[in-house]
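Next come the chains, spelled out residue by residue.
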Amino acid sequence: MSDPILVTSEGNTGIIELARPEKFNCLSLEVHERISVARAEFEANPAIRAILIRAQGKHFCTGADLVEVKGKLNDPAALDHFIAFGMNNLRALETSSLPVVVAVQGLCLAGGIELMLACDVCFAAESAQFGDQHAQFGLIPGWGGSQRLTRLMGQRRALDLMFSARWLKSDEAKEAGLVNYIVPDADLHKSALEYCEKIATRSRPGIAEMKRLAREGADIGVDQQMRLERDAAVRALPSDDVAEGLDAFENRRAPRFKA
């Protein structure tokens, strides 16, 4: 059996590549387990400063491995483990200390859009289409899609997308707030990797703190949000990275962050 995930690195970017194009890169329990291990290894490697998730073939990912799901329908414990592990894996990506960039081509549906939503920045090929197919087959999202879609798109647009099971073209997805950049198909992986390598020049602790503030602040009131940021700024300002950044600014040079 071929490896369903390829884990590599280029420069300071850790790459997780879905490698089941013959199955439209559907997400099995093994795929989730491999993504989880790769993420943890990248987080533990000080040379890695960003994670890029991409996929082989014509389509990014069309959802969960339904053959595997069907095999668990009569085993509630196994089914719960499948759903829980996938949900926890995507939550770990979302809360990772590293920025997570995703590059999407072709179809990004159901479990695929749930994986995309757990990432921080999305590059979409012009060919990309996004949708939540669960309602079409009597299913509901199980890996956080109902919650993340609502946060990014707003409740009415998210419910419409889930109810209708329609597909959004890349420009529609960008307008809805699901996509950051649209690039020609041929440039997708190159553009996403270049973005990751640009992030790699930033302070790793600084980027991690920005991400934590944005994610945690979304769940609290505005006064708590301001206190969260204030406390983080007070902790960060005396750091070596800030000293280096200010010196670089004063001397009109590129900063050289050690962390």
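Computed from a predicted model, the values in this text were never measured in an experiment. (Residues numbered from 1 in each chain as written. Predicted model: local features only at pLDDT ≥ 70, side-chain atom pairs only at ≥ 80, totals over all residues. Heavy atoms only, no water.)

(A) Highlighting the packing of aromatic side chains. Overall, the coordinates contain four aromatic pairs when judged by the stated rule. Summarising the aromatic geometry, the rings of Tyr 181 and Tyr 195 are spaced 5.7 Å apart at their centres and angled 55° between planes, so their arrangement reads as tilted. Of this pair, Tyr 181 sits in strand S9 (residues 181–183) while Tyr 195 sits in helix H8 (residues 188–199), placing them 14 residues apart in sequence. According to the relative accessible area criterion, Tyr 181 is partly exposed, its value standing at 38%. With relative accessibility at 24%, the residue Tyr 195 sits in the partly exposed group. Feature note: the residues Phe 123, Tyr 181 and Tyr 195 constitute an aromatic cluster, connected by ring pairs. (Phe/Tyr/Trp six-rings, centres within 6.5 Å; stacked < 30°, edge-to-face > 60°. Helix = DSSP H or I, 4+ residues; strand = E, 2+ residues; numbered from the N terminus. Buried < 20%, exposed > 50% of the residue type's maximum accessible area, 1.4 Å probe, protein only.)

(B) A look at H8. A rise of 1.5 Å per residue sets the reference length of H8, with its 12 residues, at 16 Å; its end C-alpha atoms lie 17 Å apart and thus fit the reference within 8%. Among all positions of H8, only Leu 188, Ser 191, Ala 192, Leu 193, Cys 196 and Ile 199 are buried. The elements touched by buried residues of H8 are strand S1 (5–10), strand S2 (13–18), strand S3 (50–55), strand S4 (100–104), strand S6 (121–125) and S9. (Expected span 1.5 Å × (residues − 1). Contact = heavy atoms within 4.5 Å.)

(C) How the structure looks around a nonpolar patch on the surface. On the surface, a cluster of nonpolar side chains totalling about 310 Å² of accessible area is made up of Leu 66, Phe 137 and Leu 139. Topologically, Leu 139 is positioned in the loop between strand S7 (129–131) and helix H5 (145–153). Accessibility expressed as a relative area gives 41% for Leu 139, which makes it partly exposed. (Patch = residues over 30% accessible without salt bridge, like charges linked within 9 Å, V, L, I, M, F, W, Y side chains within 5 Å. Areas by Shrake-Rupley, 256 points an atom, 1.4 Å probe, with all protein chains shown as cover. Salt bridge = Lys/Arg side-chain N within 4 Å of Asp/Glu carboxyl O.)

(D) Representation of the pattern of salt bridges. Within this structure, the stated rule accounts for 16 salt bridges. Linking Glu 94 and Arg 91 is a salt bridge whose minimum nitrogen-to-oxygen distance equals 2.6 Å. One end of the pair is Glu 94 and the other is Arg 91, both in helix H3 (residues 76–94) and three residues apart, which spans about a single turn. A relative accessible area of 9% places Glu 94 in the buried class.

(E) Seen up close, the pairing of S2. Buried residues dominate S2, accounting for six of its six residues. Here S2 shows a buried face lined by Thr 13, Ile 15 and Glu 17 and a second buried face lined by Gly 14, Ile 16 and Leu 18. Relative to S2, S1 is paired through six bridges, and the arrangement is antiparallel. Bridged to Val 7 within S2 is Ile 16. In textbook terms, the turn of a hairpin is the stretch between consecutive antiparallel strands, and for S1 and S2 this stretch comprises two residues, one of which, Gly 11, has a positive phi near 60°. Regarding topology, helix H1 (residues 29–44) serves as the crossover connection from S2 to the parallel S3, and that connection is right-handed. (Pairing = 2+ DSSP bridges. Right-handed = clockwise from strand over helix to strand, strands pointing away.)

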